[in-house]
Amino acid sequence: MPGANTRALEKAQALPADTLILDLEDAVAPEAKAGARQAVQEAVSAKNYGSREVLIRINSLDSAWGHHDLAMAVAVEPDGLLLPKITSGDQLRQVDALLDKAGADPGMGLWAMIEMPRAVIDIREIAAAAQDTRLRGLVMGLNDLALETGALTTPDRAAFQAALMMVVMAARAWGLLVIDGVYNDFRDDPGLARECEQGRVFGFDGKSLIHPAQIETANRIFAPDPADVAHARAIIDAFALPENQGKGVIQVAGKMTELLHLQQARRLVAISEAISGAA
Ligand SMILES: CC(C)(COP(=O)(O)OP(=O)(O)OC[C@H]1O[C@@H](n2cnc3c(N)ncnc32)[C@H](O)[C@@H]1OP(=O)(O)O)[C@@H](O)C(=O)NCCC(=O)NCCSC(=O)C[C@H](O)C(=O)O
Ligand SMILES: [Mg+2]
């Protein structure tokens, strides 16, 4: 939500979203930047967002506002910073070093917007910064990617599918979370649902949203299916049986089930339990 929109900042206290992104970048006009920074500072300091994770999207450090945004964020300690238009791992290292120098809480994570052609091409190098920085996740920015590439945004996102999958692959290779881009037509619920389904098929952990009306759909589609959770529990129980100790492959409900499926099952159950715990 735009940092300049104080009604949205207030409304966010009751929205059923896992994470709130308070934006100081593209959703805020240049003349409103200082006011938005002040509003975000007050909103985050008040600590009224409960268990929702709070990220502040700061302006680029190359802009007139980036360093002021960073200093404010260090002071109010959000859960993380979302960095726009990242094109290299070194940019993440630079912010990481500034956070350390400013004495930021080591728990404050970094998230990178992947929205420039160079970011997609160099995604492997950007994601690898997870090894030596606070990088926690990647967020697709398809509005900027469309602007930069000239590619058209169609309902099947054909022009972006390769990029989307490259980013998911890189995130998984380096143990990062990965969030799909926004759907601009916030009154088109079937369209949003279709895009959430596609994002889920591609392996995204969730979807970034721009309007409260989009939350229910995204939560429904990205939440684990109860039947899948039940099957995951059956896999965990089956591998725990004494007769299956030391086995690498067993059958569960008629399906070949290997240790990698056990790993997947544990992840699904953990997500499901996190959602019920937060509800
Ligand atoms: C798109 C909007 C400008 C529409 O706003 P509005 O016309 O006010 O919508 P509504 O009248 O339907 O709003 C109903 C109520 O909901 C509140 N509201 C609206 N949006 C939000 C929000 N994002 N968070 C919290 N609350 C919100 C309104 O205040 C109304 O409240 P009430 O008074 O109680 O009725 C607007 O939705 C908006 O600004 N959305 C977010 C835009 C944004 O943040 N853009 C940046 C992120 S997208 C991006 O970064 C793309 C990426 O970088 C890329 O390149 O792709
Ligand atoms: Mg963008």
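Small disclaimer: the values here were computed from a predicted structure and weren't measured.

## Some thoughts on the overall build of the protein
For the protein, the helix and strand inventory stands at twelve helices and nine strands. For 279 residues, the compact-globule estimate of 2.2 N^0.38 gives 19 Å, and the protein sits close to it at 20 Å. Projected onto its principal axes, the C-alpha coordinates of the protein cover approximately 65 × 45 × 40 Å. The burial tally for the protein puts 44% of its 279 residues in the buried class. Partitioning the contacts of the protein with sequence separation of at least 6, the portion at a separation of at least 24 is 71%. Counting only carbon and sulfur atoms, one obtains 56% of the accessible surface of the protein, whose full area is about 14,000 Å². For the protein, the centre of its 26 positive side-chain charges and the centre of its 37 negative side-chain charges are spaced 2 Å apart.

## What to know about the pairing of strand β1 (residues 19-23)
For β1 and strand β2 (residues 53-57), the ladder comprises five bridges, and the chain directions are parallel. The residue of β2 that forms the bridge with Thr-19 is Glu-53. For the handedness criterion, the β-α-β arrangement of β1, helix α2 (residues 33-45) and β2 is classed as right-handed.

## Topic: the UniProt feature "domain: HpcH/HpaI aldolase/citrate lyase" (unreviewed entry) in the protein
Feature annotation in UniProt assigns "domain: HpcH/HpaI aldolase/citrate lyase" (unreviewed entry) to the following positions: residues 2-212. This span, residues 2-212, is 42% helix and 15% strand, and a straight line between its end C-alpha atoms measures 13 Å.

## Remarks on the pattern of salt bridges
Applying the stated rule across the entire model yields 20 salt bridges. For the salt bridge of Asp-26 with Lys-85, the shortest nitrogen-to-oxygen distance reads 2.9 Å. On the criterion of sequence distance, the pair formed by Asp-26 in the loop between β1 and α2 and Lys-85 in the loop between β3 (80-83) and α4 (89-101) is long-range, its members being 59 residues apart. Here the residues in one salt-bridge network are Asp-23, Glu-25, Asp-26, Arg-57, Lys-85 and Asp-144, joined through shared partners.

## Brief notes about the nonpolar core
Among soluble globular proteins, nonpolar side chains are generally buried collectively. If you look at the biggest cluster of nonpolar residues, it comprises 66 residues, and the most contacted ones within it are Ile-56, Leu-81, Leu-99, Ile-114 and Leu-138. Ranked by the residues each element gives to this core, the list is headed by helix α8 (residues 161-173), at six residues. Excluding residues that lie within four positions of it along the chain, Leu-99 makes contacts with Leu-70, Val-74, Leu-81, Ala-104, Met-108, Leu-110 and Arg-134. Counting nine residues, the second-largest nonpolar core is a separate cluster that includes Ile-235, Ile-250, Ala-265 and Val-269.

## Considerations on the pairing of β3
Residues Gly-80 and Leu-82 line one face of β3 and the alternating positions Leu-81 and Leu-83 line the opposite face, and both faces are buried. Pairing geometry for β2 and β3, over three bridges, is parallel. Looking at β3, one finds that Leu-55 is bridged to Gly-80. Considered for its hand, the β-α-β crossover made up of β2, helix α3 (residues 66-76) and β3 is right-handed. A crossover links β3 with its parallel partner strand β4 (residues 109-114), the connecting element being α4, and its sense is right-handed.

## A few points about the environment of Leu-259
Among the structural elements, Leu-259 can be located in helix α12 (residues 259-278). The exposure class assigned to Leu-259 is partly exposed, which follows from its relative accessible area of 44%. Apart from residues lying up to four places away in sequence, Leu-259 is in contact with Phe-239, Lys-247 and Gly-248.

## Notes on helix α9 (residues 189-202)
The α-helix winds at 3.6 residues per turn, so residues separated by three or four positions along the chain end up facing the same way. End to end, α9 covers 20 Å across 14 residues, agreeing with the expected 20 Å (1.5 Å per residue, within 8%). Close packing links the buried residues of α9 with α8, β6 (177-180), β7 (206-207) and α10 (215-222). Residue Asp-188 occupies the N-cap position of α9, its side-chain oxygen lying 2.9 Å from the main-chain nitrogen of Gly-191. Immediately downstream of α9, the backbone of Gly-203 shows phi near 105 degrees, a positive value.

## Here's the deal with the coordination of the magnesium ion (ligand 2)
At 2.0 to 2.1 Å from the magnesium ion (ligand 2) lie its protein donor atoms, namely Glu-115 (OE) and Asp-144 (OD). Of the two residues, Glu-115 is situated in the loop between β4 and α5 (117-121) and Asp-144 in helix α7 (residues 142-149); the sequence distance between them amounts to 29 residues. For the pair Glu-115 and Asp-144, a shared accessibility class is recorded, and that class is buried.

## Let's talk about the site of ligand 1
Lining the immediate surroundings of ligand 1 are 21 residues, of which Arg-7, Arg-57, Asn-143, Ile-210 and His-211 lie closest. One of the side-chain nitrogen or oxygen atoms of Glu-115 is found 3.0 Å away from an oxygen atom of ligand 1. For ligand 1, an oxygen atom lies 2.9 Å from a polar atom in the backbone of Asp-144. Within the complex, the protein chains bury 66% of what would otherwise be the 1,000 Å² of accessible surface of ligand 1. For the shell around ligand 1, the elements supplying multiple residues, two or more each, are α1 (6-11) and α7. Of the residues assigned to the shell around ligand 1, the class counts are eleven nonpolar, three polar and seven charged.

Cut-offs and rules
- Residues numbered from 1 in each chain as written.
- Chains lettered and ligands numbered in written order.
- Predicted model: local features only at pLDDT ≥ 70, side-chain atom pairs only at ≥ 80, totals over all residues.
- Heavy atoms only, no water.
- Helix = DSSP H or I, 4+ residues; strand = E, 2+ residues; numbered from the N terminus.
- Rg over C-alpha atoms; globule rule 2.2 N^0.38 Å.
- Buried < 20%, exposed > 50% of the residue type's maximum accessible area, 1.4 Å probe, protein only.
- Contact = heavy atoms within 4.5 Å.
- Areas by Shrake-Rupley, 256 points an atom, 1.4 Å probe, with all protein chains shown as cover.
- Lys, Arg positive; Asp, Glu negative; His and termini not counted.
- Charge placed at Lys NZ, Arg CZ, Asp CG, Glu CD.
- Pairing = 2+ DSSP bridges.
- Right-handed = clockwise from strand over helix to strand, strands pointing away.
- UniProt positions renumbered as here; feature names shortened; annotations may be inferred.
- Salt bridge = Lys/Arg side-chain N within 4 Å of Asp/Glu carboxyl O.
- Core = buried A, V, L, I, M, F, W, Y, C linked by side-chain atoms within 4.5 Å.
- Expected span 1.5 Å × (residues − 1).
- Polar contact = N/O pair within 3.5 Å; in protein donor to acceptor, adjacent residues only side chain to side chain.
- Donors = N, O, S within 2.8 Å, 3.2 Å for Na, K, Ca; no water.
- Near = heavy atom within 4 Å.
- Nonpolar A, V, L, I, M, F, W, Y, C, P; charged D, E, K, R; others polar.

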